[in-house]
Amino acid sequence: ETYRVLRVVGRTAEPGGYKARVAEPSSMTDLRGSPDEKTEAPQYFYTRVIDLQVRTSEEPTFRACLMENSAYDRSCDEPPNYEETSFSDGTVAKGNGTGNGYDIGEHRAIRHSVVSAFGHDTLDRVPNIDFYRNAGSVSGNRAVRPSLHELHHNGEISVPNMAEDGDSSHWALPGDLESVLPQDNNVFVRFGWIKGVLVRCMLNIWGVMLFIRLSWVFGQAGWGLGIVVIVLSCVVTTTTGLSMSAICTNGVVRGGGAYYLISRSLGPEFGGSIGLIFAFANAVAVAMYVVGFAETVFDLLKNNAIILDQTNDIRIIGCITVVLLLGISVAGMEWEAKAQIVLLIILLVAIVNVFVGTVIPATPEKRSKGFFNYDVFMENFTPDFREENFFSVFAIFFPAATGILAGANISGDLKDPQAAIPKGTLLAIFITGITYLGVALCVSATVVRDATGNINNTIAAGMNIVCNGSYAAACENGWDFSSCAVTKCSFGSMNNFQVMTMVSGFGPLITAGTFSATLSSALASLVSAPKVFQALCQDNIYTALKFFAKGHGKNNEPIRGYVLTFIIAVAFILIANLNVIAPIISNFFLASYALINFSCFHASYAKSPGWRPAYKYYNMWLSLFGAVLCCAVMFVINWWAALITYAIEIFLYVYVTVKKPNVNWGSSTQAVTFVSAVNNALTLTGVEDHVKNFRPQCLVLTGAPKNRPALLDLAHCFTKNYGLLTDLNAGMEKNQMWLNKKKRKAFYSAVVCDNFRQGAESLLQVSGLGRLRPNILMMGFKKNWRTVDYADVQSYTGVLHDAFDFEYGTVLLRMTQGLDVAHIIKAQGVQEQKDLEKEQLKEENKGKSIFRKSRKSSQQHLTPTVMAPQSRQAVTVNDRLMSINTQFQRKQGQGTIDVWWLFDDGGLTLLLPYILTTRKKFKDCKMRIFIAGQPGRTEQDKEEMKSLLVKFRIKCAEIHVIDDFNQKPSSYNWKVFEDMIEPFRLHEGSKSTTNAEALRKENTWKISDAELDTFEEKTNLQVRLNELLQENSRAANLIVVSMPIARLGSVSDYLYMAWLDILTKNLPPTILIRGNHKSVLTFYS
C-alpha cells in the first residue's frame, strides 16, 4: 500500500469554501488532510484545487468530486469547518496513480471559456492582480491563469507531475508567503505611520542622552564641532533610512523588521546572522535602558529610601520595572501603543520645558551654577576637550541617534509598511535631529563650561577687572569663576550632568522626561526583540529555535519570545554595570545599519529587473557610502567591540551557509552571482583554449544519477569538484536536489526526444555555454546488447559515433556485475516506506484522541501488501551488487591502476588515470603503464615512454612494453567470440549469389562474412588484448584501456559491440577511453 495524492480541480461560479470527496477506488482505506481529514480548498477565483492524500493497494483510476462546503462561513476568512455530506454531482477529475510516492491526477477539468473584453469567447484572461498573488496571500484570493498548454491544446489542462520533479512552485511558493496567519484588519490591531513608526522612532531616539549628556558633549566639543557630531550622526541614520525606504518599497513587507529587509535582500546567510545578533542587541538594550531608569530613581531616593546598597537597589528597581514593562507588552500591542503615547506626551512637555526655561530670567542661584540667559554663546563655540577627543565624544553621543528601526521592527503590525516605514522613519530622524540641535544650542548659549555654585563669587561693583580667557562670559556678567582653573568645580556644562534640570523652567519635569525616555526606549526594545526573533524562527534558519516561532492571540504575539527577552534582560540587569556590554550593543545596531545600506547598494548594483522600489530618492553609491561610514563608526566607538561584532557575524554567516536552509527569497546575492557568472563566461569566450588549462568536463549519461552510482562517482573523481558534470534524465529538479544533497557539483539537464540517441545528440551539440562546455562523453557499457532490440543497439553505438563526430573525448565504464542498481533502490524505498508506516501505526495506536481512534479502527480493513518479501539470498546478492557499485565512494586499498595506453589520442587516456591518483580515494594506488612495442626494441620503447612521462611530470610505478599483440588469440577465446556474434551473423558465404544478395538487403544490420574478413586483424586484436589484460591486470583495482574506434559505415553495430564486449570481458572495473586526438598534455611551461 502506498499513499497517493489526488489533485481535484474544478470550475466554480464564485469564491467560497469548497471540499472534495473520493468515490473511487473502493479499496481506499485512509484519507489524510486537514482539517477533519479533508484538505481545505484554496479560495481561487474560477478554479478550485484540492489535494487529497489516499492510501490504496490498487493501481487505481481515481474518481473524485468538487462541491460547495455548506459549513463555510462567508463572513470571515477563517478556514471552513468541513462536515460529512452525501456525495453529490460536481465537476469530476480523473487521474492514474503510480506505484511510488505521491501522484496527482493526469488531467485537470476542462476550463470553460468566458466572454472577454474582446467581444468573443476566449480562454485567455486580462491582466489581474489575483494572478500574481502567492498561494498564502492574505490580501486577496489567488487566481490561476490558463496555462500555455491549456491554450495550445484546446482547453485540456495537463497537470505536471509534481511528485516526480519535486517542484510545486506553480501552486505555492513555500517559504515566501505573504504572512504566516490570515489577517483581518477589522479584528487585528494595525498601526498607521504616525502611531506605528513616527512615535516609536522618536521615543527611541530621544533617550537619556537628551537630558543627561547632551550639555556635556557640547561643552567638550563646543557648539561648532557639536553640530558636526549631530550632523554626522544624522548622516549615518539618514542614509540608512533612505536605503531602508528603497528596500521596503520593493515589494510586500511582513513582520521581522531589519531581519526581514536584510534577509529578503541579501539572503538567509546575511539575514540569519544579523537577525540573531539584532534581536539579542534589542534584548540587552532593554537592560541598558532599565538600568538607566533605576539609577535615576536611586539618585532621587538615596537620601531617604536605601534598601541595601546602590548595586542591589538598582537590581531590585530594575527587575520590578522590567516585570511591569513585560506586563504591558504581553497585554498586547494596543496597550503598549497607549503607553507609548503617554510617555511621548511627558517627553514633549519636558523638551518644551527646557526651551521655556532658557528665557526665564536667571536667579542668583542659577547664575552661580553657570546659567546666563543667552549671554555666553560665542564663548562656547570653540572646543575644550578634557581627557577626550572628537572621536571619543562622538562615540558617546552616537548611540543617542540609534533607534531608527523601532518602527520597522514591528512591520508585521503596520497597516501599510511600505508607506509607513519610509515616511515615519525619515520624519522621525528629521524631527529628533532638529530637537537635539535646538536643545544643545540653547544650552550652549546659556550655560558656561565651569561654575563654582557659590553665590558669593560675584564681582563687586566698581572693580576694574579685565574679562578675558575661559571665564570671560561669566566675568562680563559679574561672576568670578577663575578658581575653577585651580580646583575642579561641580557645576557648569562640563561638570554637572543635571544641567537640563537647572536650565528648565520646572526641574521635576526633566526628571519625568528622563523616566519617559528610558522607559519608552526599554518598552520599544522589549517589543522589537521578540518580533524580530519570531520572524527569524518562523523562517526556520536555526532549526533549534523553531520553538519560539509560535504566536498567540489575535495579533500572533510572540509570548515565548517575550519570556526569553525578559530572561535575558533580567540577567544583564543583575550585572548592574553595563559599561562593558554597551559598546558591543551599539556595534550590533551599527552592523544592522551597515547591512541595510549594503543591501540597497547590492540590489542596485545587480540591476535585477525585480529591483523596482517605489521610493526613488535613493542612490546606490550613497548607500555604499552609508555602509562604509557605519563600519567606520563601529571602530570609532570601540575597536575591540567592532572586532567582536564582526567575529560573531562571520561565525553565524558561516554556520548558516554550511547548514543551507531550504529557502529561496530571490536575493540580490543570487542576482549578482548570475551577473558575475555571465561576465566570467563572456571573458572566457574571448580567450582561446590552452592545453595547460584543459579540464575534464564530463557529459555523463546516467539516467537517474542514483541508479548508476559508480558512473557518477568516477566522473566526480575526474572533474575534481571543479569541472562541469552534466547528466541526462527527465526528472530535473528532483535529481538536481539529489546531486546537491550528495555534494556532487553537477548540472542536471534534460531534453525532450523520441529516443536515446536523439537526446544524447542534442546534448552533445548544445550543452554548456561558451567555453563552459563538456568535452568528454561518459556512459556505461551496454551489458544487455545481445538481448535487446536492434534499434536499442543502433541507438547506443550511434551515440558513440556522434561523440566521435562532434570531437568529444569518450569514456565507457564496464563493471562485470553491471552499473544499474535501480531495482535495488526501488526495493529499499518500498521497505523503508513499509517500516515508516509501521512506526506511524505504532505512534497512532498510542494516541487517545477521537481522530486517532478513528484512524486506528480503519486499520483493521487494510488490504495486505502486494509486494512479497525478498529472500535472504536475493538480499545478499543485492547488498553485494550495491557494495560493488559504490566502491568509488570509498577509499581504495593498496593496488594498481593499470593504464593500457595503446594509441595516442592526445593524452586523455593517460591524463584521466593520473587525475584519479591525485584524489584521496586513490592515493594508495600506483599507476602502471602498458604500451605496445615492436619485438627486439622493448628497452628502447620503454626508455622513450619513461622520458615522455618525465617531461609530462607524471609519475608511474612501472612501465611494461607488450610486443606480442600480433599473436593469434587462443582457440577457446576465439570460440567465445564466435559464439557471441553467432546470432547476428549473416552467413551469406554458404548461400548462392542471388540468395546472399537478398539476405544482405533484408538484414543490413547483421554481420556479413565479408565484414569479418575485412576486419579480421582488428577483431583478433580485441580478443588477444583481453587475454593480455587477463594475464597482466587481473588483480588491478582499475583498468584503463584505449578504446577501439569503429569506422563509420564500415563496421556494423553488432560487430562493434562484440569488440567492446570481448575486450572488457571478465575483468575488474574497466574504463575504455578515447580522446579527441587533440593534445591535453604538454611539457612546455
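Being a predicted model, the structure only gives us computed values, none of them experimental.

With that settled, consider a nonpolar patch on the surface. Taken together, the side chains of Val352, Val356, Val359, Ile360 and Tyr374 make up a nonpolar region of the molecular surface, amounting to roughly 420 Å² of accessible area. Within the secondary structure, Tyr374 is located in the loop between helix 10 (364–368) and helix 11 (390–397).

Another aspect to go through is the pattern of salt bridges. On inspection of all chains with the given rule, the structure shows 19 salt bridges. Residue Glu688 is joined to Arg771 by a salt bridge in which the shortest nitrogen-to-oxygen separation is 4.0 Å. Here Arg771 lies in the loop between helix 23 (756–766) and strand 12 (776–780) and Glu688 lies in the loop between helix 20 (668–685) and strand 9 (698–701), a separation of 83 residues in the sequence. Overall, the relative accessible area of 30% leaves Arg771 in the partly exposed class. With its nearest N and O atoms 3.5 Å apart, the salt bridge here joins Glu944 to Arg937. Judged by relative accessible area, which is 44%, Glu944 ranks as partly exposed. On the basis of relative accessibility, which here comes to 27%, the residue Arg937 falls in the partly exposed class. Residues participating in the shared-partner salt-bridge network are Asp384, Arg386 and Asp450.

Relative to the elements of secondary structure, Thr432 occurs in helix 12 (residues 417–446). A distance of 2.6 Å separates the side chain of Thr432 from the backbone oxygen of Ala428, its partner in a polar contact. With near-sequence residues (within four places) excluded, Thr432 lies in contact with Met202, Ile205 and Trp206.

Let us now look at helix 5 (residues 214–248). Over its 35 residues, helix 5 extends only 33 Å from the first C-alpha to the last, a length that falls short of the 51 Å expected when each residue adds 1.5 Å. Taken as a whole, helix 5 carries its principal kink of about 115 degrees at Gly222. The buried fraction of helix 5 is high, at 27 of 35 residues.

As a further point, take the nonpolar core. One finds Leu214, Phe397, Tyr436 and Leu590 to be the most contacted residues of the largest nonpolar core, which totals 135 residues. Counting residues per element, this core draws most heavily on helix 7 (residues 268–301), which supplies 15 residues. Non-local contacts of Leu590, meaning those with residues more than four positions away in its chain, are made with Val236, Phe398, Cys630, Val633, Met634 and Ile637. One finds Leu699, Val1023, Leu1029 and Leu1060 within the second-largest nonpolar core, a separate group that totals 51 residues.

Take the state of the cysteines next. Defined simply, a disulfide is a covalent bond joining two cysteines at their sulfur atoms. All told, the structure shown has one disulfide when counted by the stated rule. Note on cysteine connectivity: Cys484 is disulfide-linked to Cys489, with sulfurs 1.7 Å apart. An S-S torsion of about -105 degrees defines the bridge between Cys484 and Cys489 as left-handed. Exposure remark for Cys489: the relative accessible area of 9% places this residue in the buried category.

A few words now on the pairing of strand 13 (residues 809–814). Most of strand 13 sits inside the fold, with six of its six residues counted as buried. Relative to strand 13, strand 12 runs parallel, the two sharing five bridges. What sits directly across from Ile776, in strand 13, is Gly809. Handedness of the crossover joining strand 12 and strand 13 through helix 24 (residues 790–805) is recorded here as right-handed. Here strand 13 runs beside strand 18 (residues 1070–1074); their pairing, made up of five bridges, is antiparallel. Paired with Thr810 across the strands is Arg1074, a residue of strand 18.

What follows deals with the packing of aromatic side chains. Under the definition given, this model contains 32 aromatic pairs. Where Phe397 meets Tyr436, the ring centres are 5.5 Å apart and the plane angle is 80 degrees; that geometry is what we call edge-to-face. Here Phe397 is found in helix 11, whereas its partner Tyr436 is found in helix 12, with 39 residues between them in sequence. Residue class for Phe397 comes out buried when judged on its relative accessible area of 2%. Look at Trp611 and Tyr618: their rings are 5.9 Å apart centre to centre, the planes differ by 85 degrees, and that puts the pair in the edge-to-face class. The class of Trp611 is buried, set by a relative accessible area of 14%. The class of Tyr618 is partly exposed, set by a relative accessible area of 23%. One aromatic cluster is present, built from ring pairs that chain together Trp785, Tyr790, Phe984, Trp1005 and Tyr1054. One cation-aromatic arrangement involves Arg213 over Trp216; the distance from NZ or CZ to the ring centre is 5.6 Å. The aromatic ring of Phe547 is capped on one face by Arg560, whose charged end is 4.0 Å from the ring centroid.

Extensive coverage of helix 21 (residues 709–719) is indicated by the burial of 11 of its 11 residues. Looking at the residues trailing helix 21, positive phi occurs at Lys720, about 55 degrees.

Moving on: the packing of helix 18 (residues 620–637) against helix 19 (residues 639–659). Close contact between helix 18 and helix 19 brings their axes to 5 Å; oriented N to C, the two are set at 130 degrees. The pairing of helix 18 with helix 19 is recorded here as oblique in orientation. Together, Cys631, Met634, Phe635 and Ile637 of helix 18 and Trp639, Ala642, Leu643, Thr645 and Tyr646 of helix 19 make up the contact between the two elements.

Tracing the backbone shows Gln892 in the loop between helix 27 (872–885) and strand 14 (895–900). When its relative accessible area of 8% is taken as the criterion, Gln892 is described as buried. Contact partners of Gln892, with chain neighbours within four places excluded, come to Gln887, Lys921, Phe922, Asp924, Cys925 and Asn1037.

So, on to the pairing of strand 9. Here strand 9 shows a buried face lined by Cys698 and Val700 and a second buried face lined by Leu699 and Leu701. The pairing of strand 9 with strand 12 spans four bridges and is parallel. By the bridge assignment for strand 12, Leu701 is matched with Met779.

This brings us to the packing of helix 21 against helix 28 (residues 908–917). Relative orientation of the contacting elements helix 21 and helix 28 amounts to 90 degrees, with a least axis distance of 8 Å. As judged from the angle between their axes, helix 21 and helix 28 are roughly perpendicular. Each of Leu714, Cys717 and Phe718 in helix 21 lies in contact with helix 28, whose residues at this interface are Leu912, Ile915 and Leu916. For the contact of helix 21 with helix 28, a count of residues per class yields six nonpolar, no polar and no charged.

Moving on: the environment of Trp1059. Among the secondary structure elements, Trp1059 is positioned in helix 34 (residues 1053–1063). Judged by its relative accessible area of 0%, Trp1059 is buried. Spatially, the C-alpha atoms of Trp1059 and Leu1021 are 9.2 Å apart, while their sequence positions differ by 38 residues. In this view, Trp1059 contacts Phe977, Phe1015, Lys1018, Thr1019, Gln1022, Ile1045, Ala1046 and Val1051; residues no more than four positions away in its chain are not counted.

Here the chain averages 76 in pLDDT, and 73% of its residues register 70 or above. Here helix 2 (residues 162–165) stands out as the least confident element of the chain, with mean pLDDT 34; helix 34 is the most confident, with 94. Here residues 11–18 is a poorly scored stretch, pLDDT under 50, and it has 28 contacts once near neighbours within four places are set aside; other chains count. A low-confidence stretch, residues 68–111 stays under pLDDT 50, and its non-local contacts, those more than four residues away or across chains, total 142 contacts.

The next subject is the environment of Gly318. By the element assignment, Gly318 lies in helix 8 (residues 310–330). When its relative accessible area of 0% is taken as the criterion, Gly318 is described as buried. In this structure the C-alpha to C-alpha distance between Gly318 and Glu295, which are 23 residues apart in sequence, comes to 8.8 Å. Setting aside its immediate chain neighbours within four residues, Gly318 contacts Val290, Ala294 and Ile573.

Procedures and definitions
- Within every chain, residues take consecutive numbers counted from 1 along the sequence as written.
- Given that this is a predicted model, residues contribute local features only at a pLDDT of at least 70 and side-chain atom pairs are listed and counted only at 80 or more, while totals for whole chains, interfaces and linings are drawn from all residues.
- To obtain the side-chain values, all non-hydrogen atoms of the structure were used and water was disregarded.
- Two distance rules govern patches: like charges are joined within 9 Å, and nonpolar side chains (Val, Leu, Ile, Met, Phe, Trp, Tyr) within 5 Å, applied only to residues with over 30% relative accessible area and no salt bridge.
- Here, Shrake-Rupley sampling with a 1.4 Å probe gives the accessible areas, and only protein chains in the shown set may cover a residue.
- The term salt bridge refers to a side-chain nitrogen of Lys or Arg lying within 4 Å of a carboxyl oxygen of Asp or Glu.
- By the criteria applied, helices consist of DSSP H or I runs no shorter than four residues and strands consist of E runs no shorter than two, each listed in order from the N terminus.
- Each residue is assigned to one of three classes by its accessible area relative to the maximum for its type, calculated with a 1.4 Å probe on protein chains only: buried under 20%, partly exposed between the two thresholds, exposed over 50%.
- Contacts described as polar in this section are N or O atom pairs within 3.5 Å, which, within protein, must combine one atom able to donate a hydrogen with one able to accept it, while residues neighboring in sequence count only if both atoms come from side chains.
- Any two residues having at least one pair of non-hydrogen atoms within 4.5 Å are treated as being in contact.
- Here the expected span of a helix is defined as 1.5 Å times the quantity of residues minus one.
- In this analysis the local bend is the angle between axes fitted, respectively, to the seven residues ending at and the seven residues starting at the residue.
- By nonpolar core we mean a set of buried residues, namely Ala, Val, Leu, Ile, Met, Phe, Trp, Tyr and Cys, connected to one another through side-chain atoms within 4.5 Å.
- Sulfur atoms of two cysteines make up a disulfide when they are within 2.5 Å.
- The pairing criterion is simple: DSSP has to find at least two bridges between the two strands.
- Classification remark: right-handed applies to a crossover when, strands pointing away from the viewer, the course from the first strand over the helix to the second runs clockwise.
- Pairing of aromatic rings covers Phe, Tyr and Trp, the last counted by its six-membered ring, and requires centre-to-centre distances within 6.5 Å; plane angles under 30 degrees mean stacked, over 60 mean edge-to-face, and any other angle means tilted.
- Placement of a positive charge over a ring is assigned whenever Lys NZ or Arg CZ falls within 6 Å of the ring centre and within 35 degrees of the normal to the ring plane.
- Helix axes use the C-alpha atoms of the stretch in contact, all axes being lines fitted to C-alpha atoms, and the angles between their N-to-C directions lie in the range 0 to 180 degrees.
- In this scheme, roughly parallel covers angles under 35 degrees and roughly antiparallel covers those over 145, while 65 to 115 is roughly perpendicular and the rest are oblique.
- When residue character is reported, Ala, Val, Leu, Ile, Met, Phe, Trp, Tyr, Cys and Pro are called nonpolar, Asp, Glu, Lys and Arg charged, and the others, Gly included, polar.
- Scored from 0 to 100, pLDDT records how confident the predictor is in each individual residue.

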